[in-house]
Amino acid sequence: MKRILLPAGGALLATGLLAAGLSGTAQADGDVSHDPMARNTSEASSVASFWLASNGAALRSATQYTWDSKEVRKVVSKGGYSPDGRPGTTAPTGQTKSGATGQNVNLPKTIGKVFFVDGSGKFRWCSATSIQSNYRNLVSTAGHCVYDTDSNSATLDNWVFVPGYYQGKAPWGIYVGKQAFTHYDFDTYEDYDRDYAFVTVYNGIQFNGVKQVDRKDYQRFSGPKRSWGGHYYILLSKDAGRLGDNVGGQGFAWNQSTGKSVRAFGYPAAPHPDGNKPYSGVTPKNCYGKTTSKAVGASWLKIEEHIGLKCAVTPGYDGGPWLLNYSNGKRLGYVNGVTSTFADQDGNDRIDYITSPYFDGETASVYNAAKNVWSGKIVGPNGELYK
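How each quantity is defined
- Residues numbered from 1 in each chain as written.
- Predicted model: local features only at pLDDT ≥ 70, side-chain atom pairs only at ≥ 80, totals over all residues.
- Heavy atoms only, no water.
- Helix = DSSP H or I, 4+ residues; strand = E, 2+ residues; numbered from the N terminus.
- Buried < 20%, exposed > 50% of the residue type's maximum accessible area, 1.4 Å probe, protein only.
- Polar contact = N/O pair within 3.5 Å; in protein donor to acceptor, adjacent residues only side chain to side chain.
- pLDDT = per-residue confidence, 0-100.
- Contact = heavy atoms within 4.5 Å.

The name recorded for the protein chain in an unreviewed UniProt entry is Peptidase, from Nonomuraea rosea.

Structural data, given as structure tokens:
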């Protein structure tokens, strides 16, 4: 377990910058920081409309998010993780069966993409998964897929989760982020040893076609709408229900020893450093192997306690879950890491290694704070988006 210490002047400077950058929106309880995303149903409705308008054009135009790192480096043995208590687990929920398979591995319905607008206004996505929570409304991903480390904004804009996403389609609906939970050291100091996040989401929303209406109904309708040629149309929507009820939720594990086998999932898309581009980002891929205790030797990311996995994937895989004890029949396991960084071990300009923060008791504290928070719905009984 690592603590970041600053001299008195540095601590005051960091605190001042944080206050200026977050404008009083972020809150912290011990190790846990929680930041609002879509604060109410009106904001959530606007976010859903943003992504679903024009038949999901914004979703289709999004590209993989390029994390803070400017170059791929070799993983070295430096520092190492330190459990801060006994191993623990929280059981998954639901049997998440899916018709899709890859490499004889049954893909879980829980995995998907998170979409957002980055600090430069570009439409981006990362990988993520639904994870068990009391209200079945929680998403697990990387911290840098929630908190904008480039512009130092509190959270990335217009954040949504789409499980089972495929070429603009959202088979189980779109889930708008309500509140992001991260470790204080990541939120404040961008410490990549804490590069994980848990996000509560509203009930999903689905659109079911277009209806022509008169001008009066058009003007008072709160959801997505279009007008052309003197005619007025609204997009019909419905409440898709809670995330966990639709796709299930993976379990959660912390303070586990390395050397255990995990299966990692995600949507790789970016080219390798040599320019080779074997992945499209359209379909999820998986890696299987035993974790190691190696850490990335990158002081500028403050990494000392990452664990590693041999896996030749590329960015876009960021935020995807590392599942311990994955059952191919039930398509369930325990989230014991999320893809954070990428490395080239043999120096051939091809990524062959990925790393994750070590999930310890402090990670469990962040997860436990998030799993008990209710979200609500954004679609009314008549298909209107709440304001």
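1. A word on unusual backbone geometry
Non-glycine residue asparagine 158 carries a positive phi angle of around 55°. One can find asparagine 158 in strand β11 (residues 157-163). Positive phi, normally seen in glycine, also occurs at arginine 331, with a value near 60°. Mapped onto the fold, arginine 331 is located in the loop between β22 (321-327) and β23 (332-338).

2. Here's the deal with helix α6 (residues 361-371)
Residues of α6 that are buried include every one of Glu362, Thr363, Ala364, Val366, Tyr367, Ala370 and Lys371, and no others. The opening residue of α6 is aspartate 360, an N-cap whose side-chain oxygen sits 3.0 Å from the backbone nitrogen of glutamate 362.

3. Observations regarding the confidence of the model for the protein chain
Low-confidence regions, as indicated by low pLDDT, have predicted coordinates that should not be scrutinised in detail. Looking at the protein chain as a whole, its pLDDT mean stands at 84, while 81% of the residues score no less than 70. Within the model, the stretch residues 3-25 combines pLDDT values under 50 with 24 contacts to residues more than four positions away or in other chains. Scored below 50 in pLDDT, residues 96-103 makes 21 contacts in the model with residues more than four places away or belonging to other chains.

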